[in-house]
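Spelled out from the first residue to the last, the chains are:
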Amino acid sequence: MNNIVAIVGRPNVGKSTLFNRLIQRREAIVDSVSGVTRDRNYGKSEWNGKEFSVIDTGGYIRGSDDVFEGEIRKQVELAIDEADVIIFVVDVEEGITPMDETVAKLLRKVTKPVLLAVNKVDNAMREKDAVEFYNLGLGEYYTFASISGSGTGDLLDALINAFPEKPEPVQEEVVLPRFAVVGRPNAGKSSFINALIGKDRFMVTDIAGTTRDAIDTKFDRFGFEFNLVDTAGIRRKAKVKEDLEFYSVMRSVRAIEHADICILVIDATRGFEGQDQSIFWLAEKNRKGVVILVNKWDLVEKDTMSTRDYEERIKQELMPFTDVPILFVSALTKQRLLKALEATVKVYENRQQRIATSKFNEFMLKVIEAYPPPATKGKYVKIKYCMQLPSPTPQFVFFANLPQYVKEPYKRYLENKIRENWDFSGVPIDIYIREK
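Thresholds applied
Residues numbered from 1 in each chain as written. Predicted model: local features only at pLDDT ≥ 70, side-chain atom pairs only at ≥ 80, totals over all residues. Heavy atoms only, no water. Pairing = 2+ DSSP bridges. Helix = DSSP H or I, 4+ residues; strand = E, 2+ residues; numbered from the N terminus. Axes fitted to C-alpha atoms, helices over the stretch in contact; angles between N-to-C directions. Expected span 1.5 Å × (residues − 1). Buried < 20%, exposed > 50% of the residue type's maximum accessible area, 1.4 Å probe, protein only. Parallel < 35°, antiparallel > 145°, perpendicular 65-115°, else oblique. Contact = heavy atoms within 4.5 Å. Nonpolar A, V, L, I, M, F, W, Y, C, P; charged D, E, K, R; others polar.

A.B. asks: Give a description of the sheet that holds strand S14 (residues 395-400) that names residues and reports values.
C.D. replies: In a beta sheet, neighbouring strands are held together by backbone hydrogen bonds and run either parallel or antiparallel to one another. One open sheet accounts for three strands, arranged S13-S14-S15; its pairing is mixed. Either end of the sheet is taken by a strand with one partner, and the two such strands are strand S13 (383-388) and strand S15 (430-435). Here the strands of the sheet are splayed against their neighbours by 20 degrees on average, with no regard to which way each runs. Relative to S15, S14 is paired through six bridges, and the arrangement is parallel.

Now the structure itself:
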């Protein structure tokens with residue numbers, strides 16, 4: 001197991017800038033507005049040959065009525081529990097504030113190593129100003145400037161020395177499948193992951209847009225092992241007003257690009273709206289596996305036909321790609337969550353599926369013989385051989401004498417026949433016609 005480092009402090013002292021510098025990626029959103037980071041954001045870093053995980057937390061605030069700030073406080077306390085070493089970031093420009101003293105009081109009770117890191121120290125005068133931080137009662141401090149990176153080397157040396165001794169890992173880390181939980185704001189994505197892992201890993205409020213970063217969680221229960229990625233809700237461009245929200249949408253789009261499977265969570269009380277459709281086609285365009293979860297199903301008044309009618313309506317919107325698992329769940333009551341997980345793992349297996357060329361030819365050539373491509377301009381198309389390509393997503397090539405005359409409807413016919421005989425539910429398929 002890697003050592004875990006939590007970066008804590010009051011809002012707007014530069015925790016996320018330090019986090020981004022440590023993981024060498026712009027993973028956490030950085031803005032001059034305080035309270036941008038709301039969930040614990042995880043990343044990996046390495047210094048002097050030692051690998052460790054870093055948690056970026058929201059700014060710690062006490063005595064606030066803001067719904068987010070109460071949740072942020074809970075998230076920071078959870079991060080402190082998870083960490084092996086804590087970096088407490090303060091700001092030399094503002095000196096010691098009452099909020100710093102509140103955080104220091106919390107950290108003095110912690111038995112784990114705490115490194116006091118004084119940010120924005122980029123000249124000799126500020127180096128002298130940093131002396132006042134001895135008054136926090138946390139001992140030695142380290143000065144650095146997270147934007148330029150000066151001083152971070154000394155901080156990292158101290159961090160490596162503070163790690164508890166752990167046995168060396170015996171085996172290399174396996175690259176786990178990535179399942180991105182996507183959807184429009186406030187559809188219940190974070191609640192779904194919290195219900196699955198049985199922990200308040202993500203902040204959940206009634207306000208749309210609470211999650212702003214795309215965040216990975218390793219999941220290892222019920223015999224499944226993979227990374228779940230909670231993403232910020234994706235809205236239409238016209239609705240993206242703040243810069244921050246624009247970054248969140250970009251991060252979600254990037255999470256879709258880097259995922260294997262997209263779990264599209266839709267709000268049952270609102271139906272399958274245009275924005276849900278856009279997210280679905282974004283995942284399909286990126287050739288990702290897709291599972292649709294109709295969340296908040298416990299809030300919908302139902303009759304015997306409800307699920308079937310609802311499913312039909314969604315499939316109408318998804319034409320022609322209708323071979324997608326649709327499950328009706330409730331993150332609140334945990335209804336059918338395990339089934340949703342099993343369906344997602346099945347879609348992942350479908351996406352990895354490889355068909356032997358001999359079996360593929362044996363079945364598909366009979367299908368083609370029974371219904372050959374229509375003749376065009378008096379010329380007949382003959383397909384004599386076909387195979388699955390060795391690609392990360394299911395792609396099939398059919399070799400024909402006149403490939404230019406094979407039109408889209410016939411390609412769709414071939415795809416439907418493949419789906420009838422092999423389970424590719426939830427997975428986009430590519431059909432290519434090439435000259436033999």
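A.B. asks: Can you lay out the environment of Asn416 for me, pointing to particular residues and giving the numbers?
C.D. replies: You can see Asn416 is positioned in helix H12 (residues 408-421). For Asn416 and Asp323, which are 93 residues apart along the polypeptide, the C-alpha to C-alpha distance reads 9.4 Å.

A.B. asks: How would you explain helix H10 (residues 337-352) if you had to name every residue and give the values?
C.D. replies: Residues separated by three or four positions in an α-helix point in the same direction, a consequence of the helix having 3.6 residues per turn. Spanning 16 residues, H10 covers 23 Å between terminal C-alpha atoms, matching the ideal 22 Å at 1.5 Å per step. Taken together, the buried positions of H10 are Leu337, Ala340, Leu341, Ala343, Thr344, Val345, Val347, Asn350 and Arg351.

A.B. asks: Give me the lowdown on the packing of helix H6 (residues 189-197) against H10, citing residues and values where you can.
C.D. replies: For the pair H6 and H10, the least separation of the axes is 10 Å and the interaxial angle reads 100 degrees. For the element pair H6 / H10, the angle class is roughly perpendicular. Where H6 approaches H10, its residues Phe192, Ala195 and Leu196 are matched on the opposing element by Leu337, Ala340 and Leu341. Of the residues contributing to the contact of H6 with H10, the split by class is six nonpolar, no polar and no charged.

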